[in-house]
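An overview of the molecular structure
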Amino acid sequence: MDNVTCPFCGLACDDLQIEVIEGSVCATDNACGLSLDHYRRLAPVAGASPHIKGKAATIDEAVKSAAGILAKASLPLFDGFAADLSGARRIVQLADRCGAVIEHMNSTAKMRNLLSVQDAGWITTTLAEVKNRADLVVLLGTDAVSRFPRFFERLIWSQESMFGLDSGARQIVYVGAGLDDRAGHAPDGRPPEVIPCKVDEIGEGMGAMRSILAGQSLHAESVAGVPVGQWTSLLERLRSAKYAVIVWAAADFAFEHAELTVQTISALIKDLNLSNRVVGLPLGGSDGDFTSNGVLLWQTGFPFRCSFATGAPVYDPYMNSSQRLLTSGEADALLWVSAYNPARLPTKVSVPTIVLAPPGAVFESEPDVYIPVGTPGVDHAGHYTRTDKVVALPLRKLREIGLPSVADVVASIEAALDDGVA
Amino acid sequence: MGLIKFAGGKVFDPENGVDGLVQDIFVRDGRIVPAPVSGESISQEIDCRGRLVMAGAIDMHTHIGGGKVNIARSMLPEDHRGDLLARTELTRASCGYCAPGTLAAGYRYAEMGYTACFEPAVLPINARQAHMEMGDTPIVDKGGYVMLGSDDFLLRMMTAKQDQRAIDDYVAWTINAAQAIGIKVVNPGGISAFKFNQRSLDLDEQHPFYSVTPRQILKVLAQAVHDLGVPHPLHVHGCNLGVPGNVDTTLATIQAVEGLPMHLTHIQFHSYGTEGDRKFSSGAAQIAEAINANRNITADVGQIMFGQTVTASGDNMSQHRNSGLASPKKFVVMDIECDAGCGVVPFKYRDKNFVNALQWAIGLEIFLLVNDPWRIFLTTDHPNGAPFTSYPHLIKLLMDKTYRNAMLGTINADAAAMSTLGSIDREYTMYEIATMTRAAPARLLGLKDRGHLAPGAAADIVVYREQEDVEEMFARPEFVFKDGTLVARDGRIVEVTWGNTHVVRPEYDPAIEKQLKPYFDRYHSIRMENFKIHDDELCECGHGSKAMPHDCRYKRVR
């Protein structure tokens, strides 16, 4: 099969060639290591069946048991939320009905961007613009490729670009500590520039550049451990580029109040756009997080950390975090959905728990109900929203090994609630 | 399903020339049917005596779905918190005033008697998401105009002097691939020019990279839409949105298409002069005169209303230019996929602010000075001028001169003094309102079976209690039927249905893919095969929504 979309990171590359041998997906072209790992992890598992408290059960029994848990709960938490379009639609509908809180497995990282957008907004771009226009790419606190392996291959060192730009001549700058900069070496061996800076001090560097841009003179000799002259020269490079792209990955900003760093990056970009074109490229979108969040957002108006407990949607980025709801004991049941990855499972949960994940999930402690589900883009068709939140790609069905989709299972749970299972 | 009789209502059905006559209407299986010959039993009778009966209203320009709308939603939790919609036995939880969730939008449109809504800015690359959001908008039918004119493929074709026939093929291919019902152009070439750091692009100014001007883009796209027989004329958001003096650009734009059909959208934002102490004045009279004189031109107004809203547009250049006016102070601007762009800027229109007050007056002047209600359409460019929920208020302003003048007395006095609004006596009639909100949009879009009440039409029917206060009347119709199903009663949803997607399928030479395929492979970030939305996908994206294709060579004779 040709033109297959890979659903395992936010780049959602759609140029894979795939062969399926006895239910195992083998990529024959264009798959990266991360993609191959995921396909391998989804190899058929002999005797995969639903479990109730660790014991094999039929799907009907498991669905009834799950419905029973939700029917008894006063504040169920729907977390994980890694699904495709149809799965996400069903989950949001069920959350509305159950008065649940919706969270996502990646929300801690995603909040860093979201809070900044809600506070100030930003100026961003998408992948094809980067591929054709970017003459300067500044990576902040991320090497991009650890999470998005084909970033440089597809977008930076591309064969061609549209506007007379020599893609091999693009300038690459890394700002960060301990980043793997190998992918940033140009095809002719030219190394990237590296500005060593602790990740949680990048915001200070951006702030320094804003000040310099505003014409203020800095008394400090260095900011964030970097000589002011180096920030000044980075600023000059941003201003002399035709189309500079500033890349970050919220997942790599793993420190408290990283939303302030995102906000400072965004503010610098806005300042620069008064006379230049400089754009942000926030990388994310793995585990279907933009797919699911998109559905919740357009249906209800709110992103995740949204509670339906009162009957109306209530968004609260602090009160509705899964960590707080579970540690405080307010949430009294958990529905965890991880359709892409059997290895991303809830940990140390003390409330009744339902898990929907592909076969092969290995639990620290068995959940009350485990229902193996298919993976969108492997076991069934679906849709997946990419890192730039603009492009939704079709996912193809690659094999049939008898696994239900998340949408099927959640619909069955809802039907069981309709039937009055308790 | 049995026979439903809508008995004894005053019917306003301009497509069929019915102006307030008392008539019965019969419905079977979701369609309007002729009066039964004899002895057929009526299974349900709707008492319409003392009521007004109209076809379901059609909003032909409303931003209800797609990436920029979802950006607006994500940016504005404060907007939603003030307007929560709790779940009921029938309806689901949602929220939002100026950027409502799709569920709230569908319910509210239906409660107001709207049965079809058209999203005017579907980016080709974002069309799937637009269909997903429209699909999750309950009850109403929907459709989208797909945006071209700053996409690099077209600009490359034009620079390479490819002939009109090849451009027609590309335009038709795009309409099919995006499952759209029309073509829109936004700031022709300007969205692309902004990516090259150009901050404005006038009608005859050459693009900084390509050998094209906005005038040439307008001309080839208007020609393509015409050649393909797409019923909806090229839908144009012109150059220089919001810039004082842009009335001249708009007048020149009308001439630029040389008599081809063209729809000018949210024309209020393009009707500004530079007279007066503040170098900002109304160009409404000139614009209305030009529309009256050029029968190839239609326009929707994009009326503004005072209060908080959010502006969401594909015009990244203009939105960036206006971002300093954001209230609250935040905005998003995006360059998108060598295809388009977008900008989202929250905005608060203030009645005591000179510019905002004059914008309000300019919109109303245009409504009242354009003679032909078949060629001027009732929109607020939701949410850019105001949320669509303000339509009943807008109708009252058009129908009630005393009320309008009372409002005029409350706005910024300098603006009121500069406007001719107070001297305009016209009051829209019920027939004219029915024309501009039902019959005319259906005709403009080529929807043969919508917007009217003759046998064969879909049973999208609204029954209003006749009331002194038309705002109250239009806000809460007594009955709203969608395809023969009673969906709302007295402003409350009584049944939730899911509408379908109106599309056109212009023909093209598939050889155009021999150009497109290598273009995608060399420059794009996805494969051409994955760009095209197939019918089964439209159904999945659209929440079970079926494509309802409309004829392309169809020309309705008035």
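Conventions used here
- Residues numbered from 1 in each chain as written.
- Chains lettered and ligands numbered in written order.
- Predicted model: local features only at pLDDT ≥ 70, side-chain atom pairs only at ≥ 80, totals over all residues.
- Helix = DSSP H or I, 4+ residues; strand = E, 2+ residues; numbered from the N terminus.
- Rg over C-alpha atoms; globule rule 2.2 N^0.38 Å.
- Buried ≥ 20, exposed ≤ 12 C-beta atoms within 10 Å, placed from the backbone.
- Contact = placed C-beta atoms within 7 Å.
- Nonpolar A, V, L, I, M, F, W, Y, C, P; charged D, E, K, R; others polar.
- Axes fitted to C-alpha atoms, helices over the stretch in contact; angles between N-to-C directions.
- Parallel < 35°, antiparallel > 145°, perpendicular 65-115°, else oblique.
- Left-handed = near helix turned anticlockwise from the far one by under 90°.
- Domains from an automatic or database assignment.
- Pairing = 2+ DSSP bridges.
- Expected span 1.5 Å × (residues − 1).
- pLDDT = per-residue confidence, 0-100.
- Core = buried A, V, L, I, M, F, W, Y, C linked by C-beta atoms within 7 Å.

This paragraph deals with the overall build of chain A. Regarding its fold elements, chain A presents 12 helices and 21 strands. For a compact globule of 422 residues, the expected C-alpha radius of gyration is about 22 Å, and chain A comes in at 23 Å, within 12% of that figure. Considered along the principal axes of its C-alpha atoms, chain A spans approximately 70 × 50 × 35 Å. For chain A, the residues scored as buried account for 60% of the 422 residues in total. A fraction of 65% describes how many contacts in chain A between residues 6 or more apart in sequence connect residues 24 or more apart.

Turning our attention to the environment of Asp168(B). Residue and element names in this part refer to chain B. Here Asp 168 is to be found in helix H6 (residues 164-178). Residue classification places Asp 168 among the buried residues on the basis of 23 C-beta atoms within 10 Å. The spacing of Asp 168 and Pro 387 is 219 residues in sequence and 35 Å in space, taken between C-alpha atoms. Look past the residues within four positions of Asp 168 in its chain and what remains in contact with it is Ala 224, Asp 227 and Leu 228.

Before going further, it helps to spend a moment on the interface of chain A and chain B. Facing the 51 residues of chain A at the interface are 52 residues of chain B. Mapped onto the side of chain A that touches chain B, the elements with two or more residues apiece are helix H3 (85-98), helix H4 (107-119), strand S7 (121-124), helix H5 (127-133), helix H10 (289-300) and strand S21 (392-395) of chain A. Sort the elements by how many residues they give to the side of chain A that touches chain B and H5(A) lands first, with 6 residues. Its residues assigned to classes, the side of chain A that touches chain B shows 24 nonpolar, 17 polar and 10 charged.

A word on the packing of H4(A) against helix H9 (residues 258-272) of chain A. All names here are of chain A. In the contact formed by H4 and H9, the axes pass within 8 Å of each other and the chain directions differ by 55 degrees. Taken together, the axes of H4 and H9 lie oblique to each other. Like other packed secondary-structure pairs, H4 and H9 cross with a definite hand, here right-handed. Here Met 111, Arg 112, Asn 113, Leu 115, Ser 116 and Asp 119 of H4 lie close against H9, whose contacting residues are Ala 258, Glu 259, Val 262, Gln 263 and Ser 266. Its residues assigned to classes, the contact of H4 with H9 comprises 4 nonpolar, 4 polar and 3 charged.

All names here are of chain B. A cis geometry characterises the amide bond from Ser 327 onward to Pro 328, with omega recorded as -5 degrees. With respect to the secondary-structure elements, Pro 328 resides in the loop between helix H11 (316-321) and strand S18 (331-336). Each neighbour pair has its own omega, and for His 382 with Pro 383 the value is -5 degrees, a cis peptide bond. Following the sequence through the fold, Pro 383 ends up in the loop between strand S20 (376-377) and helix H13 (391-399).

All names here are of chain A. Domain annotation of chain A identifies domain 1 (49-106 + 287-418) and domain 2 (111-284). Contact residues are listed per partner, giving 7 residues for domain 1 and 7 residues for domain 2. Among the residues making up the side of domain 1 that touches domain 2, the classes are represented as 4 nonpolar, 1 polar and 2 charged.

Residue and element names in this part refer to chain A. Burial of S21 is two-sided: the residues Ala 392 and Pro 394 facing one way and the residues Leu 393 and Leu 395 facing the other way are all buried. In the sheet, strand S20 (residues 382-385) pairs with S21 via 4 bridges, with the strands oriented antiparallel. Within S21, the position partnered with Tyr 384 by the bridge is Leu 393. Where S20 folds back onto S21 in an antiparallel hairpin, the turn is made up of 6 residues, including Lys 389, whose phi is positive at roughly 65 degrees.

A separate point is helix H12 (residues 354-369) of chain B. Helix length check: H12(B), at 16 residues, gives a terminal C-alpha distance of 22 Å against a target of 22 Å (1.5 Å per residue), a fit within 8%. Of all 16 residues in H12(B), 14 are buried; the element is thus mostly enclosed.

For the rest of this paragraph, the subject is the environment of Lys131(A). Secondary-structure assignment places Lys131(A) in helix H5. Classification of Lys131(A) by C-beta neighbours within 10 Å gives buried; the count is 23. Separated by 31 residues in the primary sequence, Lys131(A) and Met162(A) place their C-alpha atoms 8.6 Å from one another. Discounting residues that sit within four places of it in the chain, Lys131(A) has contacts with Leu155(A), Ser158(A), Ser161(A) and Ser525(B).

This part covers the confidence of the model for chain B. Do not read the predicted coordinates in detail wherever pLDDT is low. All names here are of chain B. Looking at chain B as a whole, its pLDDT mean stands at 96, while 99% of the residues score no less than 70. Note on residues 554-558: pLDDT under 50 across the span, and 4 contacts to partners over four residues away in sequence or across chains. Here the complex is predicted with pTM 0.97, and the ipTM for its interfaces comes to 0.97.

What follows is about the sheet that holds strand S17 (residues 333-338) of chain A. Residue and element names in this part refer to chain A. One open sheet accounts for 9 strands, arranged S4-S3-S19-S18-S17-S5-S6-S15-S16; its pairing is mixed. Looking at which strands have only one partner, the edges of the open sheet turn out to be strand S4 (55-56) and strand S16 (314-315). Relative to strand S6 (residues 101-102), strand S5 (residues 76-82) runs parallel, the two being bridged by 2 bridges. Opposite Leu 77, over in S6, you have Val 101 as the bridge partner.

A few words on the nonpolar core. The biggest cluster of nonpolar side chains holds 332 residues, and the ones touching the most others in it are Ile246(A), Val247(A), Ile183(B) and Leu221(B). Tallying contributions element by element places H12(B) first for this core, with 10 residues. Mapping this core onto the domain boundaries places at least three of its residues in each of domain 1 (49-106 + 287-418) and domain 2 (111-284) of chain A. When residues no more than four places from it in sequence are discounted, the contact partners of Ile183(B) are Tyr145(B), Val146(B), Leu148(B), Val171(B), Ile175(B), Leu221(B), Val225(B), Val230(B), Leu234(B) and His235(B).

The periodicity of an α-helix, 3.6 residues per turn, causes residues three or four positions apart to be oriented the same way. All names here are of chain A. For helix H12 (residues 406-418), built from 13 residues, the straight-helix expectation of 18 Å at 1.5 Å per residue is met to within 8% by its first-to-last C-alpha distance of 18 Å. Looking at H12, one finds that the buried residues are Val 406, Ala 407, Val 409, Val 410, Ser 412, Ile 413, Ala 416 and Leu 417. Phi turns positive, to about 85 degrees, at Gly 420, one or two residues after H12.

What follows covers the pairing of strand S13 (residues 244-249) of chain A. Two faces belong to every sheet, and in a regular strand the side chains alternate between them. Residues and elements named next belong to chain A. Buried residues dominate S13, accounting for 6 of its 6 residues. In S13, alternate side chains face the same way, and those of Ala 244, Ile 246 and Trp 248 on one face and Val 245, Val 247 and Ala 249 on the other are all buried. Relative to S13, strand S8 (residues 136-140) is paired through 5 bridges, and the arrangement is parallel. Within S13, the position partnered with Leu 139 by the bridge is Val 247. The sheet contact formed by S13 and strand S14 (residues 278-283) spans 6 bridges and is parallel.

Turning our attention to the environment of Asp381(B). Residue and element names in this part refer to chain B. Inspection of the secondary structure puts Asp 381 in the loop between S20 and H13. On the basis of neighbour count, Asp 381 is assigned to the buried category, with 28 C-beta atoms found within 10 Å. Expressed as a C-alpha distance, the spacing of Asp 381 and Gln 303, which sit 78 residues apart in the sequence, is 7.2 Å. Aside from chain neighbours lying at most four places away, what touches Asp 381 is His 61, His 266 and Gly 302.

Here we come to the packing of helix H7 (residues 202-213) of chain A against H9(A). All names here are of chain A. Two elements in contact, H7 and H9, have axes separated by 9 Å at closest approach and are oriented at 25 degrees. With respect to their mutual orientation, H7 and H9 come out roughly parallel. The handedness of the crossing between H7 and H9 comes out as left-handed. On H9, the residues that touch Ile 202, Gly 203, Met 206, Gly 207, Met 209, Arg 210 and Leu 213 of H7 are Leu 260, Thr 261, Thr 264, Ile 265, Ala 267, Leu 268, Asp 271 and Leu 272. Of the residues belonging to the contact of H7 with H9, the class tally is 9 nonpolar, 4 polar and 2 charged.

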